[in-house]
Structures are given as C-alpha cells and as structure tokens.
Amino acid sequence: MVDLANSSFLKGAMVLLAAGLINRLVGFLYQIGMMRLIGPEGVGLFNMVFPVYIMVLVLATAGIPLAISKLVAEEVAKKNLSGAYRIFKISFLLLAGSSIFFTTLLLVGAPFFKNHIFANPKVYNCFLCLIPGVLIVSISSAFRGFFQGLQQMGPTAVTQTIEQLVRVCIGLFFASLMLPRGIEYAAVGLSLGVVVGELTGLIFMLSIYSRHRPRLMFGNSVSFGLKDMLTRIFNLAIPVTLTRFVATALMSVQAVMIPQRLYVSGLSLSQATKEYGQLVGIAESLLFIPGVVTIALATALVPAMSDAVALKNLSLVRIRIIDAVRIVMQVGVPAAVFFLILADELCGVLFGYPMAGASLKILALSGPFLYLQQAITGILQGIGRADIPFKNLLLSSTVSITGIYFLTAIPELCIKGSAIAIGTSFIIMAVLNTLSLQRITGFSIGLRDNVIKPVTCSMGMYAVINYVKVFLNTCGMSEGFILFASLFLGSGVYMVLMLISGGINNQDKEKFKKIFRFKNL
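(A) How the structure looks around the overall build of the chain. The secondary structure content of the chain amounts to 19 helices and zero strands. Within the chain, the fraction of its 521 residues that count as buried is 56%. If you take every contact in the chain between residues at least 6 apart in sequence, the share linking residues at least 24 apart comes to 84%. Total accessible area on the chain is roughly 21,700 Å²; 68% of this is exposed by carbon and sulfur atoms.

Laid out in structure tokens, this is it:
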C-alpha cells in the first residue's frame, strides 16, 4: 500500500531532482567550459570571490526563505491560507529591507575586501559585478520559499533551470569576449553571467506568481499577531542563518586560506591559485554531482516534514525519513566508487587535468557522508531542530580549518592535505547529524538495507569496472571510450545487483510507480 501523502513528498522531490539533474548537467558543462577557456587560474580567481558573495547572501536572506517554506506548509496543513499569505508578505518585506542594507554595505566596504580579505587583488572587479545579485536573489528566494511551502516545486524547478541556462550562456560569452584583456577580466565575465541569470530567474518567478498563486478559498482562517509571527519566523530563521553562515564562511576561509597555505608549502602565487582552482573547479565539482539528489530531497523535506509534524502524523514522519535515507545511500555509495576508480579518467577526459584526480580520490571516501548530512539537515530543519545542524557544523568546521592550516602547508601533501581536511569534516558532520536524528525520533539507519547492500553491490560494480578498464586498455581503446563504457556498464551492473539482492525492493517499485504513474515496471 503506497502512502499518498508520502508519494506527494516524493513527487515534489522528483520535480526538484529532474530540474537539479538538468542544472547540474548544464553546470557541469559550464565547469568544463570554464576550465578549458580560462584555465585553473581563472577558475581559482572566480572561486576566491564567489564564496564571499554567497556568505553575504546568507546574511541578507537570514534563513527567512526556509522559514517561509516551513511556516507556510504548517498553515496550509491547518487550512489557513490567509495566514500563509500573511507570513509570506511579512517575510518578503524583511528580505527586501535586509538585502538593500547588505547591498549598500558591500558597495561601501568593497575597498576593504580588496585590501584585507582577498588573497589576490585581481578579483576586485569580479566582486563588484556580483553585488547587485544580493537584492535579486533575496527577492526571488521569498517566492521560492512560498511555493515550496505549498509543496509546489515546479516554480522553483523552472526558474532555477532558466537561471542556470542564462548564467552559463551569458557567462561563457562574456568570459570569452573579455579574455583577450586578461584572466581577471574573463572572471568578470563569469560574474556578469551569474547576475544576469539571477535577474532572468526573478522575472520568470514574478510572472509565475502573478498567474498561478492560489486563491484564498479556505474558510477556517486563523489570525495571529505580528509579534507571534515574527517569533515563529526567527525561531527557525536564526539557527538556519547561523548554520548557513558558518558553512559559507568556511568556504570563504578555505578560498583565502588554501592558496595562502599552498604558498607557504613552496608554491608560487600563480601555482597556488591553479591548484586551488583544480580542487574546487574539478574535484569538488565532480563530488557534488550526486548531491543534486540530496539537495532536492532536503528542499522537499522541509515543508514535507513540517506538515507531517503539524498534523502530528509521526508515522508519516518516520516513513519520509526512511525514504530519504534509502535514496541517499542508494545513490551516494556507488557514486563514491565511481569517483575512486575513475578519478583520473574523469578529471582528464572531461576537464583536461588528470592530476586533479588525486584530490577527487580522497574526497570520494567522504562522498556518501556529505550526501547523508545534506538530507538529514533538511529533516532536522523540517521538524524544527535547525539548531542541531548548526552546532554540529561548528565542530566539523573547526576540524576542517585546523586540518587545512596544518596539512596544506606540508610540501608532500599540498592540495591533498586540503582534501583530507575537507573530507574529514564531511564525515564528522554526517555522523553527528545522524546520531542527533536517532536520539530525537528513534530512527535507525538500517545497516543491512541502507549500508551493507549498497556497499556490497558497489563492490561488485567495482570489480566489473576494473575488469572493463584493463580489457579495453589492452584493446587500445581511447581513454574517453574507456571512461564512458565503464560508467555505463558499471551503472547497469549496480542496478541489477541491487534488484537481485533486494536493495531495491517491491515497496520502492510501488512508490515510483505511483510517482510516475507507470502501469508496469
């Protein structure tokens, strides 16, 4: 028997997943284009400033979009659509005011960032071009939070896809146009692409809202005061903001610290920028590809968990947790094996820099933990415990920064030391989040179905890929053909083994039949 409410949650997750797959594919091609167009140094320049921009966005939005999603879902579950609209309108005003403040602050403080924060002064113009995006993204995020609270993931999916397509086309166009003036100007072109893409996404979101916003039809309207509403918003928004601020601050610290510690290890500034560019532009780009599944789940889980909790349906809460964890492990474990055995080929064939494979192999070991902690963070936020991911992130970030500081400066490790530190922090965060969720809900991760079966089937896949690589090498096949043949055959073997072993069971099949309305599977 398939739970209809849970199928609705999975449908929302699948809509976001479909959009996420398109976005990730386009973004992945974008990363390849960037790397081949402006090289690791140009990518390194862009990625030195981009985390700072994201950190300011986190401060400007202050976790309010997630609060909109959660609180709107609660009010809709109680048939109080007027209350949902009131939450949205107040939150929108808060976001508009906050984003205007931070945009002004960035414009005034830009020279300080240039002189005291950025490791390379060439990133200054790139940073200036990103500043208008703060206001644009903040406003757009309010509408996305509203539709997500209604568990309508389509508007978010559509606008994110449009935004990504415009960002890639405009970014690469301006980067190639400005490249003759220097690498730093090519990075400015990428920044222009980001802002134009975000503006386009906002325009489409406003159009969707004007035509498809729900009418006030619910009769059981419940009013509540402004003070009560603000309390509800900030009780969730503050811990979410702190969590995201720490996460983006960590990215910013890494963007500054890694090149500096590479310089200490004996590399030149240019070499350090290139090494950093290979880590974030190649190794991390590949590692984050399976994250499209967990990010879609995490986004859908917040309102889905909120309405289940609001209705006090504990059975539905547990079912959604189990579904989310199963999907994450079924995708994350084989992905890690792919990255381990095909790291050099992926980095070499796709990006032209096989040496980045060394960092990818290290990060791959922490991949399933990264994906798991993303999903469980969404669950904890959905049940109103956003404080827990924040506390756990503080500890894991401390480990990451400490590891980067000491390990990256070791000449024998260099960038691999950074990868070790980052991967270790993913593992710590995932373990702490999982233990917290178990303590609160009594949830058990289910070692046999969610760990042992995916790992065993992935080992079978590993053996097949290893054999295919050796055989095709002896036949003189090109590296590109070997890579794609290994990916295709390995994926097929994994799916067959999961079906045989029961890793994908009849309950999973029934749920996906309901989602896609298949008559047969």
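The rest of the description comes next.
(B) Focus on the nonpolar core. Counting residues in hydrophobic clusters, the biggest one holds 100 residues, and the most contacted among them are Phe 127, Leu 286 and Phe 339. No other element matches helix H1 (residues 4-61), which puts 18 residues into this core. Ignoring sequence-local partners within four residues, the contact set of Leu 286 consists of Phe 28, Phe 339, Leu 346, Cys 347, Leu 350, Phe 351 and Leu 360.

(C) Region of the structure containing the packing of helix H15 (residues 387-407) against helix H16 (residues 415-441). Between H15 and H16, whose axes approach to 8 Å, the crossing angle comes to 160 degrees. As judged from the angle between their axes, H15 and H16 are roughly antiparallel. H16 is crossed by H15, and the crossing has right-handed handedness. Its residues assigned to classes, the contact of H15 with H16 comprises 14 nonpolar, ten polar and no charged.

(D) Structural context of helix H13 (residues 357-364). All of the buried residues along H13 are Gly 357, Ser 359, Leu 360, Leu 363 and Ala 364. One side of H13 carries all its buried residues, which in axial view fall inside an arc of 155 degrees. Against helix H9 (269-287), helix H11 (314-341), helix H12 (343-351), helix H14 (367-382) and H16 lie the buried residues of H13.

(E) Looking closely at the environment of Leu 497. Residue placement: Leu 497 occurs in helix H18 (residues 479-501). Placed 36 residues apart in sequence, Leu 497 and Met 461 show a C-alpha to C-alpha distance of 8.5 Å. With residues up to four places along the chain from it excluded, the contact list for Leu 497 reads Cys 457, Gly 460 and Met 461.

(F) Focus on unusual backbone geometry. Phi angles above zero are rare outside glycine, and Cys 414 is one such case at about 50 degrees. Looking at the secondary structure, you find Cys 414 in the loop between H15 and H16.

(G) Broad picture of the pattern of salt bridges. Summed over all chains, the structure comprises eight salt bridges. Between Asp 449 and Lys 453 there is a salt bridge, and its shortest N-O distance comes to 3.2 Å. With Asp 449 and Lys 453 both in helix H17 (residues 447-474) and four residues apart, the pair spans about one turn of that helix. One network of salt bridges, with partners in common, ties together Arg 385, Asp 387 and Lys 391.

(H) Region of interest: the layout of surface pockets. Roughly 320 Å³ of internal volume is contained in the second largest pocket. Together, 18 residues line the second largest pocket, and Met 329, Val 333, Pro 368, Phe 369 and Val 451 are the ones closest to its centre. Those elements that place two or more of their residues in the lining of the second largest pocket are H11, H14, H16 and H17. Of the residues forming the lining of the second largest pocket, the biggest block, five residues, is contributed by H11. Looking at the lining of the second largest pocket residue by residue, the classes come out as 17 nonpolar, one polar and no charged.

Rules used in this analysis
- Residues numbered from 1 in each chain as written.
- Predicted model: local features only at pLDDT ≥ 70, side-chain atom pairs only at ≥ 80, totals over all residues.
- Heavy atoms only, no water.
- Helix = DSSP H or I, 4+ residues; strand = E, 2+ residues; numbered from the N terminus.
- Buried < 20%, exposed > 50% of the residue type's maximum accessible area, 1.4 Å probe, protein only.
- Contact = heavy atoms within 4.5 Å.
- Areas by Shrake-Rupley, 256 points an atom, 1.4 Å probe, with all protein chains shown as cover.
- Core = buried A, V, L, I, M, F, W, Y, C linked by side-chain atoms within 4.5 Å.
- Axes fitted to C-alpha atoms, helices over the stretch in contact; angles between N-to-C directions.
- Parallel < 35°, antiparallel > 145°, perpendicular 65-115°, else oblique.
- Left-handed = near helix turned anticlockwise from the far one by under 90°.
- Nonpolar A, V, L, I, M, F, W, Y, C, P; charged D, E, K, R; others polar.
- Arc of directions from axis to C-beta.
- Salt bridge = Lys/Arg side-chain N within 4 Å of Asp/Glu carboxyl O.
- 1 Å grid on protein atoms, 1.4 Å probe; cavity = no way out; pocket = protein on both sides within 12 Å on 5 of 7 lines; lining within 4 Å.
- Points joined across faces, edges and corners; volume = space filled by probe spheres on them.

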